[in-house]
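# Fold and contact review
Letter by letter, the chains look like this.
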Amino acid sequence: MNILIADDHANVRRGLREILFDAFSGAYFSEAANGDEVMMELIKSRQDVLLLDINMPGRSGMEVLKDVRLIYPLLPVIMVSVQPEGQYAARCLLAGAAAYINKNSASDELAPAIKKLMDHGTYSA
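In short, a report on the structure. (Residues numbered from 1 in each chain as written. Predicted model: local features only at pLDDT ≥ 70, side-chain atom pairs only at ≥ 80, totals over all residues. Heavy atoms only, no water.)

What follows covers the sheet that holds strand β3 (residues 49-53). Taken in spatial order, the five strands of this open sheet run β2-β1-β3-β4-β5, and their pairing is parallel. This sheet does not close on itself; its edge strands, each paired only once, are β2 (28-32) and β5 (99-102). Within the sheet, the average angular offset between the axes of one strand and its neighbour, ignoring direction, is 20°. Across the face of the sheet, helix α5 (residues 106-118) comes into contact with β3, β4 (77-81) and β5 while running at roughly 165° to β5. (Pairing = 2+ DSSP bridges. Helix = DSSP H or I, 4+ residues; strand = E, 2+ residues; numbered from the N terminus. Axes fitted to C-alpha atoms, helices over the stretch in contact; angles between N-to-C directions. Contact = heavy atoms within 4.5 Å.)

Looking now at the packing of aromatic side chains. According to the stated counting rule, one finds zero aromatic pairs in the structure shown. The positively charged end of Lys-115 is found above the aromatic ring belonging to Phe-24, 5.8 Å away from the centroid. (Phe/Tyr/Trp six-rings, centres within 6.5 Å; stacked < 30°, edge-to-face > 60°. Lys NZ or Arg CZ within 6 Å of the ring centre and 35° of its normal.)

Within helix α4 (residues 85-94), burial applies to Tyr-88, Ala-89 and Cys-92. For α4, the angular spread of buried residues about the axis comes to 110°, placing them on one side. Facing away from the buried side of α4 by more than 90 degrees, the exposed set consists of Gly-86, Gln-87, Ala-90 and Leu-94. Considering only its buried residues, α4 is in contact with α3 (61-71), β4 and β5. (Buried < 20%, exposed > 50% of the residue type's maximum accessible area, 1.4 Å probe, protein only. Arc of directions from axis to C-beta.)

Shape is all these values report; function is a separate question.
Shown next, in the form of structure tokens:
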């Protein structure tokens with residue numbers, strides 16, 4: 001399984017990778033710090049899931065999500081943010097995200113969400 005983690009903070013990317021490492025042994029993790037890097041990583045290698053931060057420098061995660069939906073319509077995208085779900089979750093799902101996960105609950109919700117999406121299901125917290 002290939003998982004692309006996109007967040008502008010290296011510590012957050014590392015934390016998300018550590019959360020997923022045990023749940024997905026043998027997974028390959030790649031990282032991106034901004035929207036341009038996300039698109040380059042998607043071109044470079046096939047990804048099974050994209051974790052995409054809403055707030056990144058340059059193009060926001062929501063803007064990147066629009067491009068990803070156009071070019072990779074079947075790629076499951078999980079939006080991650082510290083923003084309350086009530087403010088962003090519905091907007092992200094309407095824009096084509098497969099799930100929205102608050103970073104504060106990522107340790108509990110992220111692996112189950114990915115497993116559900118890889119089984120072609122849907123995930124809601």
